[in-house]
Amino acid sequence: MALEGVAPPVAVVTGANRGIGYEVVRQLAERGHRVVLGARDLDQGRTAAARIDPSGERVTAVQLDVADEASVLAMADRVTRELGRADVLVNNAAILYDTWAQARSADLGEVQRALDTNLFGAWRVTQALLPLLRRSPHPRVVMVSSEGGSLASMTGGTPAYSVSKAALNALTRLLAGELRRDGVLVNAICPGWVATDMGGPAGRPVSEGAAGITWAATLPDNGPTGGFFRDGKPVPW
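Residues numbered from 1 in each chain as written. Predicted model: local features only at pLDDT ≥ 70, side-chain atom pairs only at ≥ 80, totals over all residues. Heavy atoms only, no water.

## Describing the nonpolar core
Generally speaking, soluble globular proteins have nonpolar side chains that are buried together. In terms of nonpolar packing, the biggest core is built from 40 residues, with M75, L129 and M143 touching the most fellow members. Residues contacting L129, with those up to four places away along its chain left out, are V12, M75, A76 and L89. Membership of the second largest hydrophobic core comes to 29 residues, among which are A16, V35, V59 and A61. (Core = buried A, V, L, I, M, F, W, Y, C linked by side-chain atoms within 4.5 Å. Buried < 20%, exposed > 50% of the residue type's maximum accessible area, 1.4 Å probe, protein only. Contact = heavy atoms within 4.5 Å.)

So this is what it looks like as C-alpha cells:
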C-alpha cells in the first residue's frame, strides 16, 4: 500500500481488459499501484476495471488502440494531465497467433498487421510515455514477449507472431541500452503457455503467467535490464 501523503506509483498496461493484461492490472493494483487499464473498447475496459476496483480509486480504464497513433497520444495526454506521472509501462497488447500460416506462403498483409500492434504498438506507447517515465524515480518498461520470438528455438510456423515478437525483443535490447543512464529498466517477459483466448484452455493459470510480468514491473533499482525472462529466469534470445 502507498504511504499516507505519498502518491502511489502509476502503471499503464495495454491490452488489459482480459487475459494476461487484466491479471497484471489486478496484481499491480494489489501491490499499491494506481493502474491505467488500456483497452481498444472503452466499455469493455470500464467493465474490467470495475471488476478489479469497484470504487474506481486504484484502476482507471482508458481507450487505447496501440495501432492508432492518435489513440496513443490521447492516452498519454490524459495520463499526463490527470495523474502527472507514469512509473511502469507494460506493453501487453498483441494480436494474431497465426498457427495456420507458414513463412514460405504467409499473407504479408497479416504480417504487417501483427507488426503494427505487436512491435510498433509497443514502440508508439513507449515513446509517448517516455517523458513521464524519465521523470519517475523507479521507471520500468515491460515488453510482454514470447518464446515464439526466440531465434534460438525457431523452426517454422506462426510467422507473423514469431517475427513480431523477435522484433519486440530487439527493441527491448535497444531501449535498455539507450535508457540505462536514465535508470529505466527495460525487459522482455515470456509468460509461458497461458490459458487465455489466444493461448487456449490447455495453458497454465493466467495468474502464474502474469506473475513474471509483475516481477519485471516491480524490480529493484539494481535489477536486470535488457533481458529476456520467464518466471524470473533467463530465456535464450
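Resuming the write-up.
## Brief notes about the environment of R34
Mapped onto the elements, R34 comes out in strand β2 (residues 34–39). What makes R34 buried here is its relative accessible area of 19%. Sequence-distant contacts of R34, defined by excluding residues within four places in its chain, comprise P8, P9, V10, A11, G56, E57, R58, V59, T60 and L83. Looking at R34, its side chain comes within polar contact range of the main-chain oxygen of E57, at 3.1 Å. (Helix = DSSP H or I, 4+ residues; strand = E, 2+ residues; numbered from the N terminus. Polar contact = N/O pair within 3.5 Å; in protein donor to acceptor, adjacent residues only side chain to side chain.)

## A short note on the sheet that holds strand β4 (residues 88–91)
Spatially, β3-β2-β1-β4-β5-β6-β7-β8 is the arrangement adopted by the 8 strands of the open sheet, whose pairing is mixed. This sheet does not close on itself; its edge strands, each paired only once, are β3 (59–63) and β8 (233–234). Looking at chain direction, strand β6 (residues 185–189) and strand β7 (residues 228–230) are connected through 2 bridges and run parallel. Paired with A188 across the strands is F228, a residue of β7. With respect to the sheet, helix α5 (residues 120–135) is in contact with β1 (10–13), β4 and β5 (140–144), its orientation differing from that of β4 by roughly 180°. Here helix α7 (residues 206–217) sits on the sheet and contacts β4, β5, β6 and β7; the angle it forms with β5, its principal contact strand, is near 155°. (Pairing = 2+ DSSP bridges. Axes fitted to C-alpha atoms, helices over the stretch in contact; angles between N-to-C directions.)

## Some words on the pattern of salt bridges
The full count for this structure, using the stated rule, is 12 salt bridges. We note a salt bridge from R26 to E30, for which the minimum N-O separation is 3.4 Å. With R26 and E30 both in helix α1 (residues 19–30), this residue pair falls 4 residues apart, about one helical turn. In this structure R26 comes out as partly exposed when scored by relative accessible area, which is 30%. Across the salt bridge formed by R204 and E208, the nearest N and O atoms sit 3.9 Å from each other. (Salt bridge = Lys/Arg side-chain N within 4 Å of Asp/Glu carboxyl O.)

## Describing the pairing of β4
Here β4 shows a buried face lined by V88 and V90 and a second buried face lined by L89 and N91. The pairing of β1 with β4 spans 3 bridges and is classified as parallel. Pairing of V13 across the sheet is with V90, part of β4. Relative to β5, β4 is paired through 4 bridges, and the arrangement is parallel. Considered in β5, the bridge of L89 is made with V141.

## Quick notes on the packing of helix α4 (residues 108–118) against helix α6 (residues 159–179)
Two numbers describe how α4 lies on α6: the axes approach to 9 Å, and their chain directions differ by 35°. Read as a crossing pair, α4 and α6 show a hand that is right-handed. Across from E110, V111, A114, L115 and N118 in α4, the residues of α6 making contact are A160, Y161, S164 and L168. (Left-handed = near helix turned anticlockwise from the far one by under 90°.)

## Brief notes about the packing of aromatic side chains
Applying the stated criterion across every chain, the model contains 5 aromatic pairs. With 5.2 Å between their ring centres and 75° between their planes, W215 and F229 make a pair best called edge-to-face. With W215 in helix α7 and F229 in strand β7, this residue pair connects regions lying 14 residues apart in the sequence. Here the aromatic residues Y97, Y161 and W193 are joined through ring pairs into a cluster of three or more. (Phe/Tyr/Trp six-rings, centres within 6.5 Å; stacked < 30°, edge-to-face > 60°.)

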